Amino acid sequence: MSSPLRSPLLASLLVILATGCTSIPRSGMPVSQFSSLDCAQIADQLQQAQTTQQSAAAAKGNAWKAVLPPLIGARYIRASSRETEAESRKATLLSEQQSKQCAARSS
């Protein structure tokens, strides 16, 4: 009898889950530290949030490509969560940028 970890299906599922979760970039800076950022750092964090939001939207659109229906739902939910988080971070950063009267960097 073979080990469950040697199952090709299980191995495929693990690969899909791993790639689905790691393909969305994310800033590790806590929102609570945003008030201590200078204008250049705020602009950098805004760019990271924009990248996260775009990657999450793309991942949501590609969620149907998962092999099994539960994986589709899991990938879609994870991407939606990251997209919402990025939107929230952008709103907080834009508020911080405005309160510090920073010049907005064009994308």
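Just so we're clear, the structure is a prediction, and the values are computed from it rather than from any experiment.

1. So, the overall build of the protein chain
Right, on to step 1. Regarding its fold elements, the protein chain presents 3 helices and 0 strands.
Right, on to step 2. Out of the 107 residues in the protein chain, the part that is buried amounts to 28%.
Right, on to step 3. Within the protein chain, residue pairs in contact and separated by at least 24 positions form 74% of the contacts whose partners lie at least 6 positions apart.
Right, on to step 4. Here the protein chain displays about 6,900 Å² of accessible surface, and carbon together with sulfur accounts for 59% of that area.

2. Thoughts on the pattern of salt bridges
Right, on to step 1. The tally for this structure, following the rule as stated, stands at 1 salt bridge.
Right, on to step 2. Residues E96 and K100 are paired through a salt bridge, measuring 3.7 Å at the closest nitrogen-oxygen approach.
Right, on to step 3. Assessed through its relative accessible area of 16%, E96 is described here as buried.

3. Here's the deal with the state of the cysteines
Right, on to step 1. In the structure shown here, the tally under the stated rule is 1 disulfide.
Right, on to step 2. Covalently, C39 is tied to C102 through a disulfide, its sulfur atoms 1.9 Å apart. For the disulfide bridge between C39 and C102, the dihedral angle about the S-S bond is near -75°, and by the sign convention the bridge is left-handed. With C39 in helix α2 (residues 39-61) and C102 in the segment after α3 (69-99), the pair connects residues that are 63 residues apart, well separated along the chain.
Right, on to step 3. On the basis of relative accessible area, C39 is assigned to the partly exposed category, the value being 32%.
Right, on to step 4. We classify C102 as buried; its relative accessible area is 13%.

4. Concerning α2
Right, on to step 1. The terminal C-alpha atoms of α2, which comprises 23 residues, lie 33 Å apart, in line with the 33 Å expected from a rise of 1.5 Å per residue.
Right, on to step 2. The complete set of buried residues in α2 reads I42, A43, Q45, L46, A49, T52, Q53, A56 and A59.
Right, on to step 3. Buried residues along α2 sit against α3.
Right, on to step 4. The opening residue of α2, the one whose side-chain oxygen lies 3.2 Å from the backbone nitrogen of A40, is D38.

5. Focus on the nonpolar core
Right, on to step 1. By size, the foremost hydrophobic cluster in this structure holds 6 residues: F34, L37, I42, L46, L93 and C102.
Right, on to step 2. Apart from the residues lying within four places of it in its own chain, the contact partners of L46 are K90, L93, L94 and Q97.

6. Here we look at the side chain of Q45
Right, on to step 1. Residue position: Q45 is located in helix α2.
Right, on to step 2. Residues in contact with Q45, not counting those within four places in the same chain, are S27, M29, F34, L37, R89 and L93.

About the thresholds
- Residues numbered from 1 in each chain as written.
- Predicted model: local features only at pLDDT ≥ 70, side-chain atom pairs only at ≥ 80, totals over all residues.
- Heavy atoms only, no water.
- Helix = DSSP H or I, 4+ residues; strand = E, 2+ residues; numbered from the N terminus.
- Buried < 20%, exposed > 50% of the residue type's maximum accessible area, 1.4 Å probe, protein only.
- Contact = heavy atoms within 4.5 Å.
- Areas by Shrake-Rupley, 256 points an atom, 1.4 Å probe, with all protein chains shown as cover.
- Salt bridge = Lys/Arg side-chain N within 4 Å of Asp/Glu carboxyl O.
- Disulfide = S-S within 2.5 Å.
- Expected span 1.5 Å × (residues − 1).
- Polar contact = N/O pair within 3.5 Å; in protein donor to acceptor, adjacent residues only side chain to side chain.
- Core = buried A, V, L, I, M, F, W, Y, C linked by side-chain atoms within 4.5 Å.

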